[in-house]
Amino acid sequence: MNQFATPTDEKNWAMFCHLASFSGVIIPFGNVIGPLILWSMKKDYSELVDQEGKKSINFQISMCIYIFASAILVFVGIGILLLIGLALLNLIFVVIAIVKTLNGEDYQYPLSIKFLN
């Protein structure tokens, strides 16, 4: 861990790991790639950045799986509603994670599968 990391810098980089998931709006799979790049660059910076980066990546991979399953269900008819619901949940949960991280609180994403421990 970096001995020169200030608590504010740690919180900011941890928040950027969550915020990077919004890059999926512009770049295909950017919701996973953005946090993955930031986490891999800064995981040794501090324990907080490492933990929050893993949480963000795990949640975004989980969301990709849920969205893929919902896309298949579009042919049945219920998939459209599931896709809209998942998009809203993704937005809400990421914003909550950003706020909690900046406030120094621990936040565990609901519906998240732990791929990285």
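Located above this text is the structure these notes cover.
Draft legend 1. Summary view of the overall build of the protein chain. Within the protein chain, the regular secondary structure consists of four helices and zero strands. The globule rule puts the C-alpha radius of gyration for 117 residues at 13 Å, and the 15 Å found for the protein chain is close to it. Its C-alpha atoms give the protein chain principal-axis dimensions of roughly 55 × 25 × 25 Å. Every one of the 117 residues in the protein chain was classed for burial, and the buried ones make up 34%. Taking all contacts inside the protein chain whose residues are at least 6 apart in sequence as the whole, residues at least 24 apart take part in 64%.

Draft legend 2. Highlighting the nonpolar core. Listed in full, the ten residues of the largest apolar core are Met 15, Phe 59, Met 63, Leu 86, Phe 93, Val 94, Ala 97, Ile 98, Tyr 107 and Tyr 109. At the level of elements, α3 (47-72) and α4 (79-102) are the ones that each hand at least two residues to this core. No other element matches α4, which puts five residues into this core. Apart from residues no more than four positions distant in its own chain, Phe 59 is found in contact with Asn 90, Phe 93, Val 94, Tyr 109, Pro 110 and Ser 112.

Draft legend 3. Looking closely at the environment of Met 63. Here Met 63 shows up in helix α3. Considered as a pair, Met 63 and Gly 34 are 29 residues apart in the sequence and their alpha carbons are 14 Å apart. The residues contacting Met 63, other than those within four sequence positions of it, are Leu 86 and Asn 90.

Basis of the calculations
- Starting afresh in each chain, residues are numbered from 1 along the sequence in its written order.
- Thresholds applied to this predicted model are a pLDDT of at least 70 for local features of residues and 80 or more for the giving and counting of side-chain atom pairs; totals over whole chains, interfaces and linings are not thresholded and use all residues.
- Only hydrogens and water are set aside; all other atoms, that is, all heavy atoms of the structure, feed into the side-chain values.
- Going along the chain from the N terminus, every DSSP run of H or I of four or more residues is numbered as a helix, and every run of E of two or more is numbered as a strand.
- The size measure is the radius of gyration over C-alpha atoms, and the globule rule it meets is 2.2 Å times the number of residues to the 0.38 power.
- Per-residue accessibility, obtained with a 1.4 Å probe over protein chains only, is compared with the maximum for each type, and a residue is labelled buried under 20%, exposed over 50%, and partly exposed between these values.
- Here, two residues are considered to be in contact whenever any of their heavy atoms come within 4.5 Å of each other.
- Here, nonpolar core means buried Ala, Val, Leu, Ile, Met, Phe, Trp, Tyr and Cys residues that are tied together by side-chain atoms lying within 4.5 Å of each other.

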